[in-house]
Amino acid sequence: MAKKAAPVKKVNQKQIKRAQEKDDLTTLESKACQPENYKDCKLFEELPISEKTKRGLTLSNFKMMTEIQRKGIPLALAKRDVLGAAKTGSGKTLSFLIPVLEILFRQQWNSADGLGALIISPTRELAVQIFEVLKKIGKNHTFSAGLIIGGKEFKVEQERISRMNILVCTPGRLLQHMDQSAGFICDNLQILVLDEADRIMDMGFQNTMNAIIDNLPKQRQTLMFSATQTRSVKDLARLSLKDPEYVAVHEKAEYSTPKTLSQHYVVAELHQKLDILYSFIKTHLKTKMIVFLSSCKQTRFVYESFCKLQPGIPIMHLHGKQKQTKRVEIFKRYTSSQHALLLCTDIAARGLDFPAVDWVVQLDCPEDAETYIHRAGRTARFDAEGHALLILVPSEVEGMIEELKKKRVPIEEIKIRTSKQQTIQKQLQSFCFQDPEIKYLAQRAFVAYMRSIYLQKNKKIFDVNALPAEEFAHSLGLAGAPKIKFVKKAEKKKMGPVKEEESDQEQEQEQEQGVKTKYDRMFQRKNQDILSEHYHKLVDYENDKLNVHEDEDDEDFLTISRKDHALESDNEEEDITGVAQENISKRKQKMTKKDRIKNMPRGEKIVFDEEGEAHALYELATEQDFLKEGDVKDQIKAFIDEKGQEMQQADVEDKELVKQKRLEKKIKRKERERAEREEMEGIEGHEEEDEEMEESEEEEEESEEESEEESRKRSYDSEEEEEHTNKKRVIDVEEPLTLEDQEALALKLLGN
C-alpha cells in the first residue's frame, strides 16, 4: 500500500505548487492595482514584481530606482496609460521594460497567445540596446522575444514573427510585416510602448505611426516616453492614449540638462574647425569622446583623414549609410573601449547608452536646442560627470545661444589657447594631392556641409551666404571651392530681383562661351579614377539604395530601404530564426542568375506633379476627400461620361490616322507603277532616243515661251494686249527671192 501512495503525494505537491503560484499572482495583481502605496519606494525589491524579474535586475546590478522609474513603474504596473517625459540618461528604458515583463507574467502569457507587447523605437541602434537590456532582466522568464529592425532577410522574419510574445522594432519594418506577413496578428496585444516618441515623429513617421495604430486593438495599454514633449507627440498621444498619467520628472527643474554636465562653447571661424578638433584630440588622448557632425560624407572624410594623421587614439565612425552589421559591430566595439574617439551623425544622438563617455564635442551646430540636449546627453548619464563642448561659427553664436537659454541650458564661453593649437591644412592638402579618393571625399564633405546649412529652417542661425566658402575648401585640402547651384540661388534671393539688363548680359555671356553638353563635361572632369576598389571599401553601402526622392546628400539612415532583413536573437551568435548570416550568404552564392533576378526588388512607376514632388501612379484618396466632390453615383456617372468622350475622341483620331496611312500607301504604289512603265518604255525606244530627246527639248522651249507669254498677259495693260493680238494676225510667208515675188507679197499685204 505504501508504494501506491507515493505517486499521490507527487500529484499533491504539483497541485500545491500550482495553487501557490495562483495565490502569488493574485497577490501581485492586488498590490499592483494600488500604485499610490509605492510612491516612496527607492529600491526595485520594494516594488510588487515577481521573483524572476527581481533576480534579473539583481544580476544586472540594477538596485536603486531613478526618479522617472519611481513615478512611472507603479502606474504602468497598474495597467494605466503613461506619458513620461524625463532628461536623457534618466533610466526610461527600465520604466517600460519591467511593466512589460510583469503584465505578461501575471497573465501567464505563452507562445500560443501570440504577440503580447510591442516596443517601437526610432533608430536601429536604440532598438538593439533595448533588446539587450530586455534579454538581461528577462532571462528567467519564458517569453519569446524578437528584434525587427531591417538589415536581414524579410522571408526568414515572416516565418518566425508569428511566434513572438515581445517584439522590439522600428516603425517602417513593422508596418511592412503588418501589410505582407499573413501570420502576423496583433489582435491580442496587451501593451504598446513608444520610446523616444518625439524623435519618431520628427523623422517623418507620422503617417506610418497612424497606420500602425489603426491596425492595433483599441483595448490595450500604451506607454509613451520622450525627453521632450513636442506638438506632434501630443497629437500622437491623443490618438493612442486613454486618460494617461502624465509623468514629468524634470519639468520644474532649474535646468533641462543634468547638473553633473559641464557645458561650454567656443567661437571659431569655419576654416579653423578641423584644426581645433585635431588639437583637442591630441590634448585628450586618455579619454572617451564622441564628435557629432552634420552629414555622413563629412563623417567619412574626417574619419579617413584623421586615420592617416594618426593622432594616437582609436578612431571609429558611425553613420546611416553603413551596413547594419557594421553599425552594430562599431557600437559594441566603442561601448567596450576604455579610450576611443567616435565620429558620428545624429544617428547616435538619441537614447544610446555609451558607458563612461567623458566628452561630447559638437563640431557642427545642431539644428535646434532639443538636438543639442540629446547630443550632450550621451555623457553625464545616471548621475555621472561629463563635459560637453559646442563649436560655433560667428554667424551662429547669437541665435543658438538665445535658443539654448529658452530651453534652460546653462552654457558658458571659453577661449582657446593659440599656443597649443595645431594646423593640419598642409597635411590634408598633401592627402588630397596624392590620393584621389580623399580628394573626392573632401569635395563631397564640402557640398554636404553647405547643403545642410542651406536646408536648415532657422535662418537666424544658419546663413549659408555668411560662410567663407573658399577658406573652408582650403581647410579641407582642396585647391578651390566646388561650384554649388543652391548657394548661388541663396545669394540671388538675398540680393533681390535681378534687373532685365543684367539677365540679358548673363545670357549673352553664356552664348559666347558656348553650350556645354554632358559629353563635354565628362571629358573635362578631373580625377576619373576615383571609383576604384579602395573607394568602394571606404564607402561601405553595398546593399543600400536610396529612395525615389531621396537625394544622395540625405543623411538620415531611415530614408534607406535595404534588401536583406532578419530577426535578432536571444543567442548572441545566432538570431531567433536559427539561421546565421554565413549560411544566408552561402545560399546566395549558390543561387542562379535567374533566381537572383526573381528576388530583385521591382521598380515602381511614379508621377511628378507641378511642384516636382513624386507620387505613385495610382493614389487612393481618403474617404472624406472623396465624398467632398459629391454623391458616389454622380461621380461614377461623370467618370464614365468623361472617359467615354475621351475614347470617342481617340477613336476619331485613330480613324484619321488609318486613312492617312492608306493614302500614303496608294501614292507610293502609283509612283512605283509609273517608274515601272517608264523603264519599259525606255527599253523599247533605244533607237529613237535622240529624236525623243530633241522633241522633249523643243517641247520644253515651247512651254517656256508659253509661260513667258502668260506672264506678260497678266502684267501688260489692255492696249498692249490689243497690239499683241494684232501681231498674231500677221501671215507668215516664205522669204521673197525675186522681184516678182516681192510685188506679189506687197499686193497681198495691201489687200489684207
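Computed from a prediction, not measured in an experiment: that's the story for all the values here. (Residues numbered from 1 in each chain as written. Predicted model: local features only at pLDDT ≥ 70, side-chain atom pairs only at ≥ 80, totals over all residues. Heavy atoms only, no water.)

Asker: Looking at this model, I keep getting lost on a nonpolar patch on the surface. Mind explaining?
Answerer: On the surface, Phe626, Leu627, Val632, Ile636, Phe639 and Ile640 cluster together to form a nonpolar patch covering roughly 560 Å² of accessible area. Of all the elements in the fold, those that place two or more residues in the nonpolar patch are helix H25 (623-628) and helix H26 (632-684). A relative accessible area of 47% means that leucine 627 is categorised as partly exposed. (Patch = residues over 30% accessible without salt bridge, like charges linked within 9 Å, V, L, I, M, F, W, Y side chains within 5 Å. Areas by Shrake-Rupley, 256 points an atom, 1.4 Å probe, with all protein chains shown as cover. Salt bridge = Lys/Arg side-chain N within 4 Å of Asp/Glu carboxyl O. Helix = DSSP H or I, 4+ residues; strand = E, 2+ residues; numbered from the N terminus. Buried < 20%, exposed > 50% of the residue type's maximum accessible area, 1.4 Å probe, protein only.)

Asker: Help me understand the nonpolar core, please; the structure alone is not making it clear to me.
Answerer: The nonpolar side chains of a soluble globular protein tend to be buried, and buried together. Formed by 68 residues in total, the largest nonpolar core has its most connected members in Val291, Phe301, Phe306, Tyr372, Leu404, Phe446 and Met450. At 9 residues, the largest contribution of residues to this core is made by helix H17 (residues 436-455). Excluding residues that lie within four positions of it along the chain, valine 291 makes contacts with Leu277, Leu341, Leu342, Leu343, Cys344, Val361 and Leu363. Grouped together as the second largest cluster of nonpolar side chains are 67 residues, Tyr38, Ile73, Val128 and Val247 included. (Core = buried A, V, L, I, M, F, W, Y, C linked by side-chain atoms within 4.5 Å. Contact = heavy atoms within 4.5 Å.)

Asker: Got a minute to help me understand the packing of helix H7 (residues 171-180) against helix H9 (residues 206-215) in this structure?
Answerer: In a packed pair of helices, the relevant descriptors are the angle between the two axes and the axis-to-axis distance. Taken N-terminus to C-terminus, the directions of H7 and H9 make an angle of 45°; their axes are 10 Å apart at the nearest point. Compared by their axis directions, H7 and H9 come out oblique. The two elements H7 and H9 cross, and the hand of that crossing is left-handed. Along its contact with H7, which presents Pro171, Gly172, Leu174, Leu175 and Met178, the element H9 presents Thr208, Met209, Ala211, Ile212 and Asn215. The class makeup of the residues in the contact of H7 with H9 is 7 nonpolar, 3 polar and no charged. (Axes fitted to C-alpha atoms, helices over the stretch in contact; angles between N-to-C directions. Parallel < 35°, antiparallel > 145°, perpendicular 65-115°, else oblique. Left-handed = near helix turned anticlockwise from the far one by under 90°. Nonpolar A, V, L, I, M, F, W, Y, C, P; charged D, E, K, R; others polar.)

Asker: What exactly am I supposed to notice about the pattern of salt bridges here?
Answerer: Two side chains bearing opposite charge may form a pair once their charged atoms approach each other closely. Following the criterion strictly, the structure yields 15 salt bridges and no others. Glutamate 125 is paired through a salt bridge with arginine 327; the nearest N and O atoms lie 2.8 Å apart. With a gap of 202 residues between them, glutamate 125 in helix H5 (residues 124-137) and arginine 327 in helix H13 (residues 324-336) connect regions that are remote in the sequence. Taking the relative accessible area as the measure of exposure, glutamate 125 reaches 3% and is therefore buried.

Asker: How should the side chain of glutamate 396 be read in this particular structure?
Answerer: Looking at the secondary structure, you find glutamate 396 in helix H15 (residues 394-406). At 4.9 Å, lysine 273 is the nearest oppositely charged side chain to glutamate 396, a buried residue that forms no salt bridge. Once residues lying within four places of it in the same chain are set aside, the contact partners of glutamate 396 are Cys365, Tyr449, Ile453, Ile461 and Phe462. (Lys, Arg positive; Asp, Glu negative; His and termini not counted.)

Asker: Please explain a negative patch on the surface as it appears in this structure.
Answerer: Together, Glu21, Asp23, Asp24, Glu45, Glu46 and Glu51 make up a region of like negative charge exposed at the surface. Top element by residues in the negative patch is helix H1 (residues 2-32). It accounts for 3 residues. Secondary-structure assignment places glutamate 46 in the loop between H1 and helix H2 (51-59). (Charge placed at Lys NZ, Arg CZ, Asp CG, Glu CD.)

Asker: Help me understand a positive patch on the surface, please; the structure alone is not making it clear to me.
Answerer: On the surface, Lys666, Arg669, Lys670, Arg672, Arg674 and Arg677 cluster together into a positively charged patch. One can find lysine 666 in helix H26.

Asker: Whenever I open this one, the environment of alanine 356 confuses me. Can you help?
Answerer: The residue alanine 356 is located in the loop between strand S11 (340-344) and strand S12 (359-362) in this model. Judged by relative accessible area, which is 62%, alanine 356 ranks as exposed. Along the chain, alanine 356 and methionine 289 lie 67 residues apart, while their C-alpha atoms are 9.4 Å from each other.

Asker: Help me understand the packing of helix H11 (residues 273-282) against helix H12 (residues 296-309) in this model?
Answerer: Running from N to C, H11 and H12 point in directions that differ by 50°, and their axes come no closer than 13 Å. On the basis of their axis angle, the class for H11 and H12 is oblique. Handedness of the H11/H12 crossing: right-handed. Facing H11, whose interface residues are Leu274, Leu277, Tyr278 and Ile281, H12 presents Phe301, Val302, Phe306 and Leu309. Of the residues contributing to the contact of H11 with H12, the split by class is 8 nonpolar, no polar and no charged.

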